[in-house]
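# Coordinates in review
The primary structure of each chain is shown beneath.
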Amino acid sequence: MDSIFVSIASYQDSEIFPTVDDLFKRATYPQRIYAGVFLQDTDLVFKNFKKHFNNQNIKTLHVLPQDAEGPGWARNIIMKKLFNNEDYFLL
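Read on for a plain summary of the structure.

Rules and cut-offs
- Residues numbered from 1 in each chain as written.
- Predicted model: local features only at pLDDT ≥ 70, side-chain atom pairs only at ≥ 80, totals over all residues.
- Heavy atoms only, no water.
- Salt bridge = Lys/Arg side-chain N within 4 Å of Asp/Glu carboxyl O.
- Helix = DSSP H or I, 4+ residues; strand = E, 2+ residues; numbered from the N terminus.
- Buried < 20%, exposed > 50% of the residue type's maximum accessible area, 1.4 Å probe, protein only.
- Pairing = 2+ DSSP bridges.
- Right-handed = clockwise from strand over helix to strand, strands pointing away.

A separate point is the pattern of salt bridges. Here the structure, examined in full by the defined rule, presents one salt bridge. Across the salt bridge formed by R26 and D22, the nearest N and O atoms sit 2.8 Å from each other. Of this pair, R26 and D22 are both found in helix α1 (residues 16-26), four residues apart, which corresponds to roughly one turn of the helix. Since its relative accessible area comes to 34%, D22 is described here as partly exposed.

Counting buried residues along strand β2 (residues 33-40), seven of its eight residues qualify, which places the element largely inside the surrounding structure. Here strand β1 (residues 4-11) pairs with β2 via eight bridges, running parallel. What sits directly across from F5, in β2, is Y34. The β-α-β motif built from β1, the intervening α1 and the parallel element β2 has right-handed crossover chirality. Both β2 and strand β3 (residues 58-63) contribute to a ladder of six bridges, which runs parallel.

Here it is, written out as structure tokens:
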């Protein structure tokens, strides 16, 4: 059964919650979806995200916005730290 990794580098994105909700709700086989989300946002948003998405298929990283170094930097970290050799890689 093929697995799909979805890389999401989020910089203070007000739509991150509905985006991740929709990712799993629309999937025919949500158990095959793995998301790597790098939140570049406040501590409160990160805590709420972790609480809202209590799902073993979602791995998260977090930095404060002032410590962010751009989308390429975030995507590189996601690839190195959250990607686990799933069959497909989307971003």
